[in-house]
Amino acid sequence: MPDRRRILFLFSDTGGGHRSAAEAIIEALKLEHGGQFEPVLIDVLKNYTPLPFNHLPALYPEMVRIPRAWGLGYRLSDSRQRARALSAALWPYLRRHIRRLVRENPADVIVSVHPLLNAPVLRALGRRRPPFLTVVTDLVSTHALWYHQRAERCLVPTQAARQRALECGLSPRRVDVVGLPVAQRFCQQPGEPADLRRQLGWPLDRPMVLLVGGGEGMGPIFETACAIASKRGRYGLAVIAGRNTRLRQRLEAVDWDVPTFIYGFEKRMPEMMQAATLLVTKAGPGTITEALNAGLPMVLYSRLPGQEDGNVGYVVEQGVGVWAPGPLRTAAAVHDWLARPGQLKQAAATCRALARPDAASTIANTIWSYPLRSTKPEAQGAQLQGEAAH
Ligand code: UDP
């Protein structure tokens, strides 16, 4: 089909957020443009880089378990000059592989949702190339590697991210604040909380605290759930262990003093967020954005040094949550908030005011604004040979 656009999404599964963002944009494109395009989703690190980079997606959960070392590496590399030096140093190792990526995946538009991929892919593409867009999936503290001056557009979630893009040398007219793209299910009009609670089997007569530590059930979730539940009162607790099966088993073995519901990896996150009263979570950008859409105030118990640092300040300064690391402080913050339902209601309204549920569709429209071009493999292959000869 000659007029079907081929849109290449470059991501890597270092954490779940990059893939989720790409999928949310594809979903929005499908809603608007149905079968008129072909999305191609590629985990570049896994499939198109040599050892040891191709193991980064598998190693990432282990690497972030040493947050200090992770934070140090993040900060040491986070400046325009250092990001450029890092990219230049890696290029000899990556060149052959990234050129193969470009050769094997001709496209009308390329969308990168990962900071590590921008510089090498743009370099491999050369001068005659399709439009290249970056969608930044960190909220506030965004790494310099996200911002490459040759990208046609850079779509960022917050004003703070835009400011950072400008500091990194991007032209103001290329940077748009659009919000962080999340799945449509998190963007629809909220259902009636009472109906949702009936469907979930949750009590109707008390506030519900939802505790979640990202997809992997990270952080001191067991200790935090116990600390919250050690204070009796008229509230219920829903604890999501995610893919952490050991955590789920430990939670299920407890005889809880308050109505408590334990879950593994949950597909009903939008419903749960809309039915809950207060969220307790780590400072992941996806979960924070989804909670804003659901009008759900939050207590943050941990953050990953580096890319999640700014998320804490953002949540606190905007008045949609509090920072309370450590199970005892988290539990105290939860009970403090449950005792002040008026403030909780106000924070829920602030969440809704801050939400940008149209982020994915705005990004989809921007992508679609770039015209169809020839994507014949020979065309890009010839272009690449030209570039290699430079
Ligand atoms: N999530 C989910 N089911 C679960 C736990 C988490 O669908 O049982 C989703 C959650 O809604 C969010 C993502 O996993 O979209 C977590 O993203 P975030 O950026 O907060 O943290 P990450 O896991 O990427 O560190």
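Computed from a predicted model, the values in this text were never measured in an experiment.

Right, let's get into the overall build of the protein. Helix and strand counts for the protein come out as 17 helices and 12 strands. Whereas a compact globule of 390 residues would reach a radius of gyration of roughly 21 Å, the protein reaches 22 Å, a difference of no more than 12%. Each of the three principal axes of the protein carries a C-alpha extent, and together these read 70 × 45 × 35 Å. Classification of the 390 residues of the protein by burial places 54% in the buried group. Counting 49 positive and 33 negative side-chain charges, the protein places the averaged centre of each group 6 Å from the other.

This part is about the pattern of salt bridges. Applying the stated criterion to the full structure yields 18 salt bridges. Note that R206 and D205 form a salt bridge whose closest N and O atoms lie 3.2 Å from each other. A relative accessible area of 16% means that R206 is categorised as buried. Residue class for D205 comes out partly exposed when judged on its relative accessible area of 42%. Counted as one network, the salt bridges with shared partners bring together D13, R19 and E23.

This brings us to the site of the ligand. With respect to spatial proximity, 17 residues lie near the ligand, and among them E266, K282, G286, T287 and E290 are the closest. The backbone of G215 places a nitrogen or oxygen atom 3.3 Å from an oxygen atom of the ligand. One nitrogen or oxygen atom from the side chain of T287 is found 2.5 Å from an oxygen atom belonging to the ligand. Relative to its unbound accessible surface of 540 Å², the ligand loses 85% to contact with the protein. Considering each element in turn, the shell around the ligand owes the most residues, four residues, to helix α12 (residues 285-294). Of the residues in the shell around the ligand, the class split is five nonpolar, nine polar and three charged.

Before going further, it helps to examine the environment of N244. When you line up the elements, N244 lands in the loop between β8 (236-240) and α10 (245-252). Look at N244 and you get partly exposed, because its relative accessible area is 24%. Every residue in contact with N244, bar those within four places of it in the chain, is listed here: E216 and G217.

Turning next to the side chain of S77. Here S77 shows up in helix α4 (residues 67-77). Sequence-distant contacts of S77, defined by excluding residues within four places in its chain, comprise R82, A83, L86 and H143.

Quick notes on the rules
Residues numbered from 1 in each chain as written. Predicted model: local features only at pLDDT ≥ 70, side-chain atom pairs only at ≥ 80, totals over all residues. Heavy atoms only, no water. Helix = DSSP H or I, 4+ residues; strand = E, 2+ residues; numbered from the N terminus. Rg over C-alpha atoms; globule rule 2.2 N^0.38 Å. Buried < 20%, exposed > 50% of the residue type's maximum accessible area, 1.4 Å probe, protein only. Lys, Arg positive; Asp, Glu negative; His and termini not counted. Charge placed at Lys NZ, Arg CZ, Asp CG, Glu CD. Salt bridge = Lys/Arg side-chain N within 4 Å of Asp/Glu carboxyl O. Near = heavy atom within 4 Å. Polar contact = N/O pair within 3.5 Å; in protein donor to acceptor, adjacent residues only side chain to side chain. Areas by Shrake-Rupley, 256 points an atom, 1.4 Å probe, with all protein chains shown as cover. Nonpolar A, V, L, I, M, F, W, Y, C, P; charged D, E, K, R; others polar. Contact = heavy atoms within 4.5 Å.

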